[in-house]
Amino acid sequence: MSSLVSDITVPGRPEVQEVSAGVYAYVQPDGTWWINNTGFLTGPQGVISIDACSTERRTRAYQAAIAAVTPAPVRTVLNTHHHGDHTFGNCLFPGAAIVAHERARAEAIAFGPPRDLSFWDGPDWGDLSLDPPFVTFTDQIAVHAGDLRADVRYVGTAAHTTNDSIVWIPDRSVLFCGDLIFNGGTPFLLMGSVAGAVEVLEQVLVPLGAQTIVPGHGPVFSGSEPIEATLDYLGFVLDLARRTVEAGLSPLEAARDTDLGRFAGWSDAERIVGNLHRACAELGGADRGAPVDVVAALTDMVTYNGGQPLSCYA
């Protein structure tokens, strides 16, 4: 794999990795809150970008990294889901078609443009405006970089969010899986479904047998270990949620009483609280992806974090 780096130095320097001929991953360490991975495909008609970044500074650095590979314009931006770390930078691609699942458009509009979020310790968004997807699909759509086909597929159920899509390049066995995997970080299912995420990993990701997987956060990987580790964590959450409901505890109480054990070293451990909010709601009869009190869950996560805002280096 070839690589180059940009000039962002906190907390780590982003790296471009050519994971297959003309297919690039843009990996932003350390993959914690609001620091996501993107990627791009190059072709004779221009560049296809897979997601944008959370802030103006990071998105412009990503654009510079693309320009260092090819002078071709970005013609298409595929959003794997609606979260702002993957969509806030859409507006900096004014000549591109912004494409996503139809629910991603609705959720992005509902969230609105970047704004001060007191739960995190002050990301500098820059000058960004709301630019939701304006080409949407319900099941799947194909995009082409010359002769190379990429299938963009809705995963079929709420998982990380209600609107997750994967980008599968079958001829190269390369998969961009968005935030279905946080490689080395704690998964976050508050706006999706823990049970749904298990289903998607087992029934969508694993059967593909991808040789190279670009996660939404964390290093590019080959093999099944990060998928198996994620399934292990999701099973841990579901088991804890069942015991939480049976004991009549709140998600925060249960999280505080729980030893994270083998998952304690994963980044953003406070997500256990949000994940319990989601899992307990579904055990109480809520549908997958049904609205929950996100503000209450994030407030509990800050409390779990010792009352300090969640760490963010975006």
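Residues numbered from 1 in each chain as written. Predicted model: local features only at pLDDT ≥ 70, side-chain atom pairs only at ≥ 80, totals over all residues. Heavy atoms only, no water.

(A) Seen up close, the overall build of the protein. Within the protein, the secondary structure is distributed over eight helices and 13 strands. For 314 residues, the compact-globule formula gives about 20 Å, and the C-alpha radius of gyration of the protein, at 18 Å, lands near that figure. In terms of its C-alpha atoms, the protein occupies a principal-axis envelope of roughly 60 × 40 × 35 Å. Within the span of the protein, comprising 314 residues, buried residues form 58% of the whole. Taking the intrachain contacts of the protein between residues at least 6 apart in sequence as the baseline, contacts between residues at least 24 apart amount to 65%. Counting every atom, the protein has about 12,400 Å² of accessible surface; 49% of that belongs to carbon and sulfur. (Helix = DSSP H or I, 4+ residues; strand = E, 2+ residues; numbered from the N terminus. Rg over C-alpha atoms; globule rule 2.2 N^0.38 Å. Buried < 20%, exposed > 50% of the residue type's maximum accessible area, 1.4 Å probe, protein only. Contact = heavy atoms within 4.5 Å. Areas by Shrake-Rupley, 256 points an atom, 1.4 Å probe, with all protein chains shown as cover.)

(B) Region of interest: unusual backbone geometry. With an omega of 5°, the peptide bond between Pro29 and Asp30 qualifies as cis. Inspection of the secondary structure puts Asp30 in the loop between β3 (23–27) and β4 (38–43). One non-glycine residue, Asp268, adopts positive backbone phi at about 60°. Of note, Asp268 is situated in the loop between α6 (251–256) and α7 (271–283).

(C) Looking closely at the nonpolar core. Membership of the largest hydrophobic core comes to 59 residues, with the highest contact counts inside it found for Trp34, Trp120, Leu175, Leu205 and Ile272. Elements with a minimum of two residues in this core: β11 (165–169), β12 (174–182), α4 (194–208), α5 (225–247), α6, α7 and α8 (294–304). Those residues in contact with Leu175, other than ones at most four positions away along the chain, are Ile166, Val167, Trp168, Leu205, Leu208, Ala210, Thr212, Ile213 and Val214. Counting residues in hydrophobic clusters, the runner-up holds 22 residues, among them Ala25, Leu78, Ala145 and Tyr154. (Core = buried A, V, L, I, M, F, W, Y, C linked by side-chain atoms within 4.5 Å.)

(D) Representation of the packing of α7 against α8 within the structure. Here α7 crosses α8 at 145°, and the two axes come no closer than 8 Å. Seen along the crossing, α7 lies across α8 with a hand that is right-handed. Residue-level contacts link Arg271, Ile272, Val273, Gly274 and His277 of α7 to Ala296, Ala297, Asp300, Met301 and Tyr304 of α8. Considering only residue class, the contact of α7 with α8 consists of six nonpolar, two polar and two charged. (Axes fitted to C-alpha atoms, helices over the stretch in contact; angles between N-to-C directions. Left-handed = near helix turned anticlockwise from the far one by under 90°. Nonpolar A, V, L, I, M, F, W, Y, C, P; charged D, E, K, R; others polar.)

These results come straight from atomic positions and should not be treated as a statement about function.
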